[in-house]
Amino acid sequence: MEFGEKVKSERKRMGITLDELSERTQVSRSMLSKIEREEKNPTIQIAAQIAEGMGVTISQLLGEQKQEEVVIIRKHQRLMYKDSDSGFERHLLSPSVSVKGLEFILNVVPPHQESGVFPSHKQGVEEYIFVAEGSLQVELENGKKEYILEQGDAMYFEADRNHRFLNLSDKECQYYLIIDSR
């Protein structure tokens with residue numbers, strides 16, 4: 001099932017209209033309608049707003065794997081979302097089983113690109129970052145706080161504030177992200 005189909009399915013499961021979803025996500029009704037009909041592929045920022053407004057993770061909207069005690073995710077099977085505007089890639093490395101409350105993600109940011117602004121998560125959600133390649137600028141609270149991470153650096157922050165990730169260099173940046181919403 002594609003992203004838009006999952007949004008529509010989850011919205012119907014929740015029993016809300018497109019107008020109600022628009023209000024919750026701050027995404028226009030027309031944009032949501034186009035996404036649900038697979039006419040428009042949202043940016044990673046819009047996808048994050050939709051997920052947060054629905055009370056689910058982006059991973060849950062990208063797809064779902066069967067819940068088992070041992071799950072192997074082969075490289076060609078992992079859920080991947082690519083922002084067509086920036087080239088930002090989000091590779092889910094963990095199962096998208098909602099009861100676990102953990103997401104393990106590889107993000108790839110092309111040179112001089114960014115993630116866009118991710119909306120605040122619910123209070124208690126934590127994010128852990130490890131920069132595997134390149135350098136990464138992390139902005140919290142609309143740029144009020146900025147941190148530069150180099151290859152090998154790690155960071156933790158409480159994600160109940162908006163945040164974005166920027167690659168200001170001429171080389172690709174790859175970083176691992178763990179989102180803990182348990």
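Residues numbered from 1 in each chain as written. Predicted model: local features only at pLDDT ≥ 70, side-chain atom pairs only at ≥ 80, totals over all residues. Heavy atoms only, no water.

Take the nonpolar core next. Burial of nonpolar side chains together is a common tendency in soluble globular proteins. Grouped together as the largest cluster of nonpolar side chains are 41 residues, with contacts concentrated most on I50, I129 and Y175. When residues in this core are grouped by element, the largest group, seven residues, is from helix α4 (residues 44-54). When we break this core down by domain, the ones giving at least three residues each are domain 1 (2-62) and domain 2 (80-180). Excluding anything up to four places from it in sequence, Y175 contacts F88, I105, L106, N107, V109, I129, F130, V131, A132, L136 and F165. (Core = buried A, V, L, I, M, F, W, Y, C linked by side-chain atoms within 4.5 Å. Buried < 20%, exposed > 50% of the residue type's maximum accessible area, 1.4 Å probe, protein only. Helix = DSSP H or I, 4+ residues; strand = E, 2+ residues; numbered from the N terminus. Domains from an automatic or database assignment. Contact = heavy atoms within 4.5 Å.)

A few words now on the sheet that holds strand β9 (residues 173-180). On the basis of which strands lie adjacent, the open sheet formed by six strands has the order β1-β2-β3-β9-β4-β7 and antiparallel pairing. Taken across any chain shown, the strands that pair with only one partner, and hence form the sheet edges, are β1 (80-82) and β7 (154-158). Pairs of neighbouring strands in the sheet enclose a mean axial angle of 20 degrees, with direction left out of account. Pairing geometry for strand β4 (residues 126-133) and β7, over five bridges, is antiparallel. Bridge pairing links F130 to A154 in β7. (Pairing = 2+ DSSP bridges. Axes fitted to C-alpha atoms, helices over the stretch in contact; angles between N-to-C directions.)

Attention shifts here to the domain arrangement of the protein. Taken domain by domain, the protein holds domain 1 (2-62) and domain 2 (80-180). Domain 1 puts 14 residues into the contact, and the matching count from domain 2 is 18 residues. Regarding the contact of domain 1 and domain 2, the summed buried area is about 1,500 Å², with carbon and sulfur atoms giving 58% of it. Per-residue buried area on domain 1 facing domain 2 is highest for I44, E52 and S59; these three make up 42% of the total on that side. (Buried area = accessible area lost by both parts, 1.4 Å probe.)

At a closest axis distance of 9 Å, the pairing of helix α2 (residues 18-25) and helix α3 (residues 29-36) adopts a crossing angle of 110 degrees. Judged by the angle between their axes, α2 and α3 are roughly perpendicular. Crossing handedness for the pair α2 and α3: right-handed. Side by side, α2 and α3 meet where L18, D19, L21, S22 and T25 of the first sit next to R29, L32, S33 and E36 of the second. Split by residue class, the contact of α2 with α3 holds three nonpolar, three polar and three charged. (Parallel < 35°, antiparallel > 145°, perpendicular 65-115°, else oblique. Left-handed = near helix turned anticlockwise from the far one by under 90°. Nonpolar A, V, L, I, M, F, W, Y, C, P; charged D, E, K, R; others polar.)

Here the focus is the packing of aromatic side chains. This structure, assessed with the given rule, holds five aromatic pairs. With a centroid separation of 6.0 Å and 55 degrees between ring planes, the pair formed by F118 and F165 is classed as tilted. Here the residue F118 occupies a position in the loop between β3 (102-109) and β4, and F165 occupies one in strand β8 (residues 163-166), the gap between them amounting to 47 residues. In this structure F165 comes out as buried when scored by relative accessible area, which is 1%. Between the aromatic rings of F165 and Y175, the centroid separation amounts to 5.2 Å while the plane-to-plane angle is 45 degrees, which identifies the pairing as tilted. Taken as a pair, F165 in strand β8 and Y175 in strand β9 lie far apart in primary sequence, 10 residues in all. Taken as a pair, F165 and Y175 share a single burial class, namely buried. Three or more aromatic residues joined by ring pairs form one cluster here, namely F118, F165 and Y175. (Phe/Tyr/Trp six-rings, centres within 6.5 Å; stacked < 30°, edge-to-face > 60°.)

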